[in-house]
Structure formats: structure tokens, C-alpha cells
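# Understanding the architecture of this molecule
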Amino acid sequence: AMYGINMDAEYDVTDSMFANLDMGVMLTQFNIGDVLYDGHRYHNPDGVSGYGAMDVGYRLVNESGIYVAPMFGVVGEYYKIEGFNTFDSAIRTGFGAGYLSEMFGIKYEYGFNVSAGTNEYLYAGLHAGVVSTMDMIGGDINVGIVRMFDTITYTISATAKLLF
């Protein structure tokens, strides 16, 4: 089982240019029995991981609300499983595309993102979100697929947003 929490902050530098900062922590419980690693035996090992990422990008939006947003960034990741720990950093790039609309003070967004990193990381995902501009709150639902080091995982997340 995996349990995690993350925080994402986005800053609009201009109407089109943006900067993102992501941070997160995950606790993992591997209920897989005994694992032999580097001459040591671990029974149902536990792990913790953390990451931080910073991206900058440019969002091009046409008059119908369709957008394309290329981005470039760096990411750092830390993993600790029993007696083994490592840190990895990478450069990544990608883009998002989608549709933005607003009606009666509520903003809607539907889109997809793809990205790749120098750490053999590939991501593709879909998202849908809503924000109330009067209440300054909203949320997103995301589904995606990640391929890293010949391993494929699937992600599902729900996000709450607070606007400042």
C-alpha cells in the first residue's frame, strides 16, 4: 500500500508564462514477504520517498479557449527502503494541451499532459478541473500512466485548490 501527500504551487509570471513548484512525500508498505538485497534479508520492507520539482512554461491560448503549454523543469527525488537510500535528480520537458472556459464565475479546464525526463521517466495523463473565482477554491481529478525503469504504474488523484 502507498500513502502520500503533495503540494503544488503555480505562479502566473505573466498572462502566458507560468512557474510551477511541486513537493511530495509518500510512505510505502510492501506486503511481499522476504526480500534479499545486498546480502540482507528484509521481511515486508517499508519505504519513504520524497520529491521536489520546478517547471517553467508558456501557455498559448486562442480565443476559443484551446491551449498548448510547453514546459521545462528539474526534479529531485529521494528514496529510502529499509537500509537502502538514494537521491536522483533529472531534467524534464513536456507539454500540456486542453480547453479552458468560464461561465458565471466558474472556470473549467479539461486537458492532457505528457512529459519525459533524463531519469527514464515518461508520463501521460488526463485531467479535469473546476475553480470558483468568487470563492477562490476548486479541484482537479487526474488519471495517468507512468513508465520508469521498465516499470509501468497508473495514477489517480483528486486535488483541492486554494487560490490567492
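Residues numbered from 1 in each chain as written. Predicted model: local features only at pLDDT ≥ 70, side-chain atom pairs only at ≥ 80, totals over all residues. Heavy atoms only, no water.

## What about the pairing of strand 3 (residues 34-37)?
- Relative to strand 4 (residues 40-43), strand 3 is paired through 4 bridges, and the arrangement is antiparallel. In the sheet register, L36 faces strand 4, and the bridge partner there is R41.
- The turn linking strand 3 back onto strand 4 is made up of 2 residues, and D38 within it adopts a positive phi angle of 55 degrees. (Pairing = 2+ DSSP bridges. Helix = DSSP H or I, 4+ residues; strand = E, 2+ residues; numbered from the N terminus.)

## Details of the environment of Q29
- Tracing the backbone shows Q29 in strand 2 (residues 17-29).
- With 15 residues separating them in the primary sequence, Q29 and N44 have C-alpha atoms 7.1 Å apart.

## Things to note about the environment of M23
- Tracing the chain through its elements places M23 in strand 2.
- Owing to a relative accessible area of 38%, M23 belongs among the partly exposed residues under this scheme.
- Placed 38 residues apart in sequence, M23 and V61 show a C-alpha to C-alpha distance of 27 Å.
- With residues up to four places along the chain from it excluded, the contact list for M23 reads I5, N6, M7, Y51 and G52. (Buried < 20%, exposed > 50% of the residue type's maximum accessible area, 1.4 Å probe, protein only. Contact = heavy atoms within 4.5 Å.)

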